[in-house]
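Per-entry structural report
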Amino acid sequence: MDTINLSEKTDWAFIEEVKKESGQNPSLCYQCGNCTGGCPYTQYFDYPVSVVMRLLQSGQKETILKSKAIWLCATCETCTTRCPCDVDVANIMDTLRIIARREGKVAEKDIQLFYDSFLDSMKKHGRIFEMGILMGYKMKSGHFMGDAELGPKVMSKGKISLFSKSIKGADKVAQIFNRFQEKAKKHG
Ligand code: SF4
Ligand code: SF4
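Residues numbered from 1 in each chain as written. Chains lettered and ligands numbered in written order. Predicted model: local features only at pLDDT ≥ 70, side-chain atom pairs only at ≥ 80, totals over all residues.

Quick word on the packing of helix H8 (residues 109-125) against helix H11 (residues 170-186)
Stated precisely, the cut-off is as follows: Lines fitted to the C-alpha atoms define the axes, with helices restricted to the stretch that makes contact. Angles between their N-to-C directions range from 0 to 180 degrees. Here a helix means four or more residues in a row that DSSP labels H or I, a strand means two or more in a row labelled E, and each is numbered from the N terminus. Roughly parallel refers to an angle under 35 degrees, roughly antiparallel to one over 145, roughly perpendicular to one between 65 and 115, and oblique to any angle outside these ranges. Throughout, a pair of residues is in contact if the C-beta atoms placed from their backbones lie within 7 Å.
Where H8 contacts H11, the two axes come as close as 6 Å, and the packing angle between them is 130 degrees. What the angle tells us is that H8 and H11 run oblique. Contact with H8, carried on its side by Met-122, Lys-123 and His-125, involves Ala-170, Val-173, Ala-174 and Phe-177 of H11 and no other residues of that element.

Description of the site of ligand 2
Just so we agree on the cut-off: Only the C-beta atom matters for nearness: placed from the backbone, it must lie within 6 Å of the molecule or strand for the residue to count as near. Any residue outside Ala, Val, Leu, Ile, Met, Phe, Trp, Tyr, Cys, Pro, Asp, Glu, Lys and Arg is labelled polar, Gly included; the first ten of those are nonpolar and the last four are charged.
If you check the shell around ligand 2, you find 15 residues, and the closest are Cys-29, Cys-32, Asn-34, Cys-35 and Cys-83. Counting only elements with at least two residues in the shell around ligand 2, the list comes to helix H2 (34-38) and helix H3 (49-57). Grouping the amino acids of the shell around ligand 2 by side-chain chemistry returns 10 nonpolar, four polar and one charged.

Re the nonpolar core
Applicable threshold: What makes a nonpolar core is a set of buried Ala, Val, Leu, Ile, Met, Phe, Trp, Tyr and Cys residues, with links drawn between C-beta atoms within 7 Å. Exposure is read from a count of other C-beta atoms within 10 Å of each residue's own; the residue is exposed at 12 or fewer, buried at 20 or more and partly exposed in between. C-beta atoms are placed from the backbone.
If you look at the biggest cluster of nonpolar residues, it comprises 27 residues, and the most contacted ones within it are Val-49, Val-52, Ile-70, Val-89 and Met-93. Looking at this core, the elements with two or more residues in it are H3, helix H4 (61-65), helix H5 (69-72) and helix H7 (89-102). The contact partners of Ile-70, leaving out residues within four places of it in the chain, are Val-52, Ile-64, Met-93, Leu-96, Arg-97 and Ala-100.

Comments concerning H7
To keep things clear, this is the line we draw: For a helix, the expected span equals 1.5 Å multiplied by the residue count minus one.
Over its 14 residues, H7 runs 20 Å from end to end, which matches the ideal 20 Å to within 8%, given 1.5 Å per residue. Along H7, the positions that sit buried rather than exposed are Val-89, Ala-90, Ile-92, Met-93, Thr-95, Leu-96, Arg-97 and Ala-100. Where H7 is buried, its residues meet helix H1 (12-22), H2, H3, H4, H5 and helix H6 (78-82). Two residues or fewer after H7 comes Gly-104, characterised by a positive phi angle close to 65 degrees.

Focus: unusual backbone geometry
For Thr-75, which is not a glycine, the phi torsion comes out positive at approximately 55 degrees. Assignment of secondary structure puts Thr-75 in the loop between H5 and H6. Phi angles above zero are rare outside glycine, and Glu-77 is one such case at about 70 degrees. Summarising the element assignment, Glu-77 is placed in the loop between H5 and H6.

Here's the deal with the domain arrangement of the protein chain
So the rule is basically this: As used throughout, domain bounds are those supplied by an automatic or database domain assignment.
The domain architecture assigned to the protein chain consists of domain 1 (12-102) and domain 2 (109-166). Distance from the C-alpha centre of domain 1 to the C-alpha centre of domain 2: 29 Å.

A word on the packing of H1 against H7
Describing two packed helices takes the angle between their axes plus the distance from one axis to the other. Cut-off, in case you're wondering: Helix crossings are classified by the rotation of the near helix relative to the far one: an anticlockwise turn of less than a right angle makes the crossing left-handed, while a clockwise turn makes it right-handed.
Across the interface, H1 lies against H7 with an axial gap of 9 Å and an inter-helix angle of 115 degrees. In this structure, the crossing between H1 and H7 has a hand that is right-handed. The residues of H7 that touch H1, namely those facing Glu-17, Val-18, Glu-21 and Ser-22, are Asn-91, Ile-92, Thr-95, Leu-96 and Ile-99. For the contact of H1 with H7, the residue count by class is four nonpolar, three polar and two charged.

Re the site of ligand 1
Neighbouring residues of ligand 1: 14 residues in total, closest Cys-39, Cys-73, Cys-76, Cys-79 and Ala-90. Of all the elements in the fold, those that place two or more residues in the shell around ligand 1 are H6 and H7. Element by element, the count of residues in the shell around ligand 1 is highest for H7, at three residues. Considering only residue class, the shell around ligand 1 consists of 10 nonpolar, three polar and one charged.

Here's what the structure looks like:
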């Protein structure tokens, strides 16, 4: 874990941006550490989630947006559930990912590619098509042989189908995606 770095000048506009987009007030956090205590992925984070909250209170924009922690967060919401101040911490982590992506500062590119493949599958089929996600991810990331040894095991147990099956109303799901993407383009 890196040590906390408060060397940046406080970026007040960034704090306001996160507040507005998440609907949360980071200044309510009093650093009790409950969120970090329950976070199942904290050992993999470069900054524990309570430290991310402290960095946010201090407007350390670059440090946060370049951190791995915001991408390794699994959105399990344990932090949100445990926060005594009712801060929706998982929502803040989500918002930080969105801003990092918008600003082209994604520290964990493979995770972003996996999200993209997941969403492409949802848009196309209205549901998850695991094989499609896998192939999409491998094509985009170039990790063709990663986890290849697991393939035969999951295939033999019927966990992954070779053929896609779209749901009834998949076109409606695609319309939701299109509406969102158009709106996102308008807001830059
Ligand atoms: S939502 Fe993210 S930060 Fe919060 S406890 Fe889960 S993995 Fe950790
Ligand atoms: S649980 Fe809430 S108050 Fe405690 S450190 Fe985390 S965000 Fe701050």
